[in-house]
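Observations on chain architecture
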Amino acid sequence: MTRRPLTRYALRAVSLAAALGAWQLLTSLDVDLWLRFSQFPTVTDVAHAFADRVSGDDYWTDLTDSLTRILAGFALAAVLGVATGVLVARSRLAEDLLGPVLEVVRPIPAIALVPVAILLFPSNEQGIVFITCTAAFFPVLVSTRHAVRALTPVWEEAVRTMGGGRFRILRSVVLPGALPGIFGGLSVGIGVSWICVISAEMISGQYGVGYRTWQDYTVVNYPGVFVGMVTIGVLGWITSTAVELLGRRLTRWLPRAAYVPGGRPRASRPLAAPARADGESEQQAQSQQQGQNETEEARDEHLV
């Protein structure tokens, strides 16, 4: 049995409230068992710090700078990752030329490229965008490459039979068929981008949520640190949700089944035949049951 949307939202709100309540209880009582909750600020302390931070101009400046960096880097990564993934998956020459270089660079963490970005780009702003783009590029590239290679060749052959060329196949078969995999990579990439842009701001940034969070840590302002953490989490959740909603919007043609945890679809009951005095109803029911059994046996033999 599926839950109603209001019930699901209520359960989510209760889960969040329970987590905040446990946080407030453990920190206000200074619980020190193995984890030292006495070192943590309480929920009320973080709320007061958040209210003070929101009322100032620096918070919104940091928010704007971080969003600008993440959107610029992620947009570049999305375009380059999809284009490179399709090219590598469709061309053996491109795979031979680009594949070794990409596979060597891919395991390197994007945050390890901070010294490279400092030496390569004339400004820290461009270096942070570069790190963000690099972080999201490889998840998009790998997901796109696997999605294109997993396409059924029959679709491409059908377009060729009707006289379609390479661009028609790319527009009508490759890109629409690979969209679910592409958006899977984009969803992963946006999360990795947030991790790397915050780390890059902590190291070489001048403004931004990551820079402000690190400054609060250096002056031992722990409520301010948690304000930055909460801000990063909310921004990451909003951007990831936006990417997921866009993916659902563009892949509406896909068949979607309702997810029912632990549930089983109910079998529809056949309508009872009208009763007849001459006993034809019983004979008709037996013949229908026999026909259904034969159909199921034929289907099972076909599947085997």
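Residues numbered from 1 in each chain as written. Predicted model: local features only at pLDDT ≥ 70, side-chain atom pairs only at ≥ 80, totals over all residues. Heavy atoms only, no water.

1. Comments concerning the environment of R248
Locating R248 in the fold gives a position in helix 10 (residues 222-250). In this structure the C-alpha to C-alpha distance between R248 and P180, which are 68 residues apart in sequence, comes to 8.7 Å. (Helix = DSSP H or I, 4+ residues; strand = E, 2+ residues; numbered from the N terminus.)

2. Structural notes on the nonpolar core
Residues I131, L186 and W194 are the most contacted members of the largest nonpolar core, which totals 49 residues. Residue assignment for this core shows that the elements contributing at least two residues are helix 2 (43-54), helix 3 (57-90), helix 5 (114-120), helix 6 (124-149), helix 8 (166-204) and helix 10. With 14 residues, the single largest contributor to this core is helix 8. Discounting residues that sit within four places of it in the chain, W194 has contacts with S66, L67, I70, L235, G236 and T239. (Core = buried A, V, L, I, M, F, W, Y, C linked by side-chain atoms within 4.5 Å. Buried < 20%, exposed > 50% of the residue type's maximum accessible area, 1.4 Å probe, protein only. Contact = heavy atoms within 4.5 Å.)

3. Some words on the packing of aromatic side chains
This structure, assessed with the given rule, holds eight aromatic pairs. Taking 5.9 Å as the distance between ring centres and 80° as the angle between the ring planes, the aromatic pair formed by F50 and Y59 counts as edge-to-face. Of the residues examined, F50 reaches a relative accessible area of 33% and is grouped as partly exposed. Look at F137 and F138: their rings are 5.0 Å apart centre to centre, the planes differ by 80°, and that puts the pair in the edge-to-face class. (Phe/Tyr/Trp six-rings, centres within 6.5 Å; stacked < 30°, edge-to-face > 60°.)

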